[in-house]
Amino acid sequence: MSTTLNLSARSSGSRSANAALLVAHPGHEGLLYGWLKAQSPTVFVLTDGSGGSAVSRLGFSSTLMRSAGAKPGLIFGSKPDRAWYNAILSCDVAPFRAAANSIASECIATSIEELVCDPVEFYNPMHDLANAMAHSVVSMIKARTGRRPKVYSYMIEQRRDGVAADQKIVLSTDVIQR
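Below, the structure is looked at part by part. Note that the structure is a prediction, hence the values are computed from the model and not measured. (Residues numbered from 1 in each chain as written. Predicted model: local features only at pLDDT ≥ 70, side-chain atom pairs only at ≥ 80, totals over all residues. Heavy atoms only, no water.)

**So, the side chain of His28**
With respect to the helices and strands, His28 occurs in the loop between β2 (19–23) and α1 (33–39). Among the polar contacts made by the side chain of His28, one reaches the side chain of His127 at a distance of 3.4 Å. Once you skip the residues sitting within four places of it in the chain, His28 turns out to touch Val23, Asp118, His127, Tyr154 and Ile156. (Helix = DSSP H or I, 4+ residues; strand = E, 2+ residues; numbered from the N terminus. Polar contact = N/O pair within 3.5 Å; in protein donor to acceptor, adjacent residues only side chain to side chain. Contact = heavy atoms within 4.5 Å.)

Below you can see the structure in the form of structure tokens.
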């Protein structure tokens, strides 16, 4: 069953839930700028966006996020891209587990009700792992508190295979134009 987060109803500026955003790379939050303005979520960014250039992209994301009224989480570009990809290649789950634990603890402390995350698109492993981490975070929250925040994802890359996300965010025209 598909769950769609309707942002048209949220464009009035009133928050409907305490929300968080978990993305793999800086810049992804820009795809949801209208939602950021409407929700003022806590934003978790796994990589610093440096890719192969070794130059962080967190500055732009931080400015964009703050202009929308969102706030950075404790995990905000905590490791360069290469460190995350090296962990993947060496099958080292420790950094993923530590980040998930930190995010879950912060989500519990701030009573997060909705967690929006990168989708599984089989395009970039960090996008897919950010989604898996979001579901792990929700499981941790459920185990520790009995609460289960809703999880939503949004499209990053253009899907060509017609496969729809289980849960998605649909942006209305007025929200996109913000």
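**Details of the packing of helix α4 (residues 94–109) against helix α5 (residues 125–145)**
It is the contact of α4 with α5, at a shortest axis distance of 9 Å, that shows an interaxial angle of 50°. Classified by the interaxial angle, the pair formed by α4 and α5 is oblique. The interaxial crossing formed by α4 with α5 has right-handed handedness. Across the interface between the two elements, Phe96, Ala99, Ala100, Asn101, Ile103, Ala104, Ser105, Cys107 and Ile108 from α4 touch Met126, Leu129, Met133, Ser136, Val137, Met140, Ile141, Arg144 and Thr145 from α5. Residue classes in the contact of α4 with α5 are distributed as 13 nonpolar, four polar and one charged. (Axes fitted to C-alpha atoms, helices over the stretch in contact; angles between N-to-C directions. Parallel < 35°, antiparallel > 145°, perpendicular 65-115°, else oblique. Left-handed = near helix turned anticlockwise from the far one by under 90°. Nonpolar A, V, L, I, M, F, W, Y, C, P; charged D, E, K, R; others polar.)

**Let's talk about the pairing of β2**
Counting buried residues along β2, five of its five residues qualify, which places the element largely inside the surrounding structure. Residues Ala19, Leu21 and Val23 line one face of β2 and the alternating positions Ala20 and Leu22 line the opposite face, and both faces are buried. Across four bridges, β2 lies against strand β3 (residues 42–47) in parallel orientation. Within β3, the position partnered with Leu22 by the bridge is Phe44. Traced from β2 through α1 to β3, the parallel crossover comes out right-handed. (Buried < 20%, exposed > 50% of the residue type's maximum accessible area, 1.4 Å probe, protein only. Pairing = 2+ DSSP bridges. Right-handed = clockwise from strand over helix to strand, strands pointing away.)

**Here's the deal with the environment of Glu113**
Here Glu113 shows up in the loop between α4 and β5 (114–117). On a C-alpha basis, the gap between Glu113 and Val138 in space is 9.8 Å, while along the polypeptide they are 25 residues apart. In this structure, Glu113 is in contact with Ala17, Asn18, Pro149 and Lys150, ignoring residues within four places of it in sequence.

**Some words on helix α3 (residues 81–89)**
Burial in α3 covers these residues: Asp81, Trp84 and Ala87. Buried residues in α3, looked at end-on, bunch into an arc of 130°, giving them a common side. Away from the buried face of α3 by more than 90 degrees, exposed residues Arg82 and Leu89 are located. Tucked inside the fold, the buried residues of α3 contact β3, β4 (71–79), α4 and α5. (Arc of directions from axis to C-beta.)

**Quick word on the side chain of Asn124**
Relative to the assigned elements, Asn124 resides in the loop between β5 and α5. Polar side-chain contacts of Asn124 include one of 2.8 Å to the backbone nitrogen of Met126. When residues no more than four places from it in sequence are discounted, the contact partners of Asn124 are His25 and Tyr85.

**Structural notes on the nonpolar core**
In terms of nonpolar packing, the biggest core is built from 26 residues, with Leu22, Leu46, Ile103, Cys107, Met133 and Val137 touching the most fellow members. Going through the elements one at a time, β2, β3, α3, α4, β5 and α5 are the ones with two or more residues in this core. Examining the composition of this core, we find that eight residues originate from one element, α5, more than from any other. Each residue touching Cys107, except ones within four places of it in the same chain, is listed here: Ala20, Phe44, Ile112, Val137, Ile141 and Arg147. (Core = buried A, V, L, I, M, F, W, Y, C linked by side-chain atoms within 4.5 Å.)

**Describing α4**
In an α-helix there are 3.6 residues to a turn, and that puts residues three or four apart on one side. A rise of 1.5 Å per residue sets the reference length of α4, with its 16 residues, at 22 Å; its end C-alpha atoms lie 23 Å apart and thus fit the reference within 8%. Within α4, burial applies to Pro95, Phe96, Ala99, Ala100, Ile103, Ala104, Glu106 and Cys107. Taken down its axis, α4 places every buried residue within 165° of arc, on the same side. More than 90 degrees from the buried face of α4, the exposed residues found are Arg97 and Ala109. If you follow the buried residues of α4, they end up packed against β2, β3, β4, α3 and α5. The first or second residue beyond α4 is Ser111, which carries a positive phi of 55°. (Expected span 1.5 Å × (residues − 1).)

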